[in-house]
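So the chains spell out like this:
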Amino acid sequence: MTGDAAREITSVDELLTVAHLNHIQYFEVSGRRFDGFEQPNDDDLPGEGVAQVRLMQLFDGEAIAARARAEVHAEEGLLIADVAAFFQISEKVDLSPELVSAFAKRVASPIIRPYLREAIHSTAAKLGMAGVPLLAPLDHAGEEILSPDSPA
C-alpha cells in the first residue's frame, strides 16, 4: 500500500481495478448419511431437498474476504461446504459496507459457487447419495447475505 490518503472507491468496476484474487480457502466440507445408524433428532435442519446458501463478506483495509456456506438437506443425508475467496487490495482504499457487499455478490460469489458445487457433489458421491439437489443458479434468491455484524 502506498501513501497515507485512502482512495475513495464508489463502484464495483472501480474496485476491480485494485482487488485481485489471492486464494481460495475451504473451511468445511462434510456430509453424513441419515441411514445405517440411529441419529439424534436434528430439528434445525432445513426441509428435505432444500439448499441454504449464506454469503458473508469482510473488508479489513487491506483485503476483502467473501465466504459462502452451503447446507444441503437431501433425502439421504446432509451435505455442507464452506468456502472463501480472498482478494488482496493493491492500494489504500475507502470502501462502504454496501460496496463490499455488492462486490461479494457480483464478483466473489460467482468465483466461489463452483467450489461449493464441487464440494457438495463430490461428498455426495463419496457417500453414495443419489438424490442431491443442485445449488440454484446464481440469482441470490433465497440466499441470506451476512456481514460480520449480522447475528449468527
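Located above this text is the structure these notes cover.
Calculation criteria
- Residues numbered from 1 in each chain as written.
- Predicted model: local features only at pLDDT ≥ 70, side-chain atom pairs only at ≥ 80, totals over all residues.
- Heavy atoms only, no water.
- Patch = residues over 30% accessible without salt bridge, like charges linked within 9 Å, V, L, I, M, F, W, Y side chains within 5 Å.
- Areas by Shrake-Rupley, 256 points an atom, 1.4 Å probe, with all protein chains shown as cover.
- Salt bridge = Lys/Arg side-chain N within 4 Å of Asp/Glu carboxyl O.
- Helix = DSSP H or I, 4+ residues; strand = E, 2+ residues; numbered from the N terminus.
- Phe/Tyr/Trp six-rings, centres within 6.5 Å; stacked < 30°, edge-to-face > 60°.
- Lys NZ or Arg CZ within 6 Å of the ring centre and 35° of its normal.
- Core = buried A, V, L, I, M, F, W, Y, C linked by side-chain atoms within 4.5 Å.
- Buried < 20%, exposed > 50% of the residue type's maximum accessible area, 1.4 Å probe, protein only.
- Contact = heavy atoms within 4.5 Å.
- Pairing = 2+ DSSP bridges.

Draft legend 1. Just a nonpolar patch on the surface, in detail. A cluster of nonpolar side chains, contributed by Tyr26, Val29 and Tyr115, occupies part of the molecular surface with about 250 Å² of accessible area. Here Tyr26 lies in strand 2 (residues 19-33).

Draft legend 2. Focus on the packing of aromatic side chains. Under the definition given, this model contains two aromatic pairs. Consider the rings of Tyr26 and Tyr115, whose centres lie 6.3 Å apart with planes at 75°: the pair is edge-to-face. Of the two residues, Tyr26 sits in strand 2 while Tyr115 sits in helix 2 (residues 97-126), which places them 89 residues apart along the sequence. Lying over the aromatic face of Phe27, Arg67 brings its terminal NZ or CZ to 3.9 Å of the ring centre.

Draft legend 3. Spotlight on the nonpolar core. In terms of nonpolar packing, the biggest core is built from 33 residues, with Leu15, Ile64, Phe87, Leu95, Phe103, Ile112 and Leu116 touching the most fellow members. Contributions of two or more residues to this core are made by helix 1 (12-16), strand 3 (50-59), strand 4 (63-73), strand 5 (77-89) and helix 2. Here the element with the most residues in this core is helix 2; it accounts for eleven residues. Discounting chain neighbours no more than four positions away, the residues touching Leu15 are Ile9, Ile64, Ile89, Leu95, Leu99 and Phe103.

Draft legend 4. Geometry of the pairing of strand 4. Among the eleven residues of strand 4, nine are classified as buried, and the element is accordingly described as predominantly covered. One ladder, built from eleven bridges, connects strand 4 with strand 5; its direction is antiparallel. Residue pairing in the sheet places His73 in a bridge with Leu78 of strand 5. Taken together, strand 4 and the strand that follows it, strand 5, pair antiparallel across an intervening segment of three residues.

Draft legend 5. Molecular detail of the pattern of salt bridges. In total, this model carries nine salt bridges according to the counting rule given. Between Asp35 and Arg33 there is a salt bridge, with the nearest N and O atoms lying 2.8 Å from each other. Judged by its relative accessible area of 44%, Asp35 is partly exposed. When salt bridges with common partners are traced through the structure, they connect Glu28, Arg67, Arg69, Glu71 and Asp82 into a single cluster.

Draft legend 6. Spotlight on the environment of Asn22. Structurally, Asn22 is set in strand 2. Between the C-alpha atoms of Asn22 and Phe87, which are 65 residues apart in sequence, the distance is 5.2 Å. With sequence-adjacent residues up to four places away left out, Asn22 is seen in contact with Phe86, Phe87 and Gln88.

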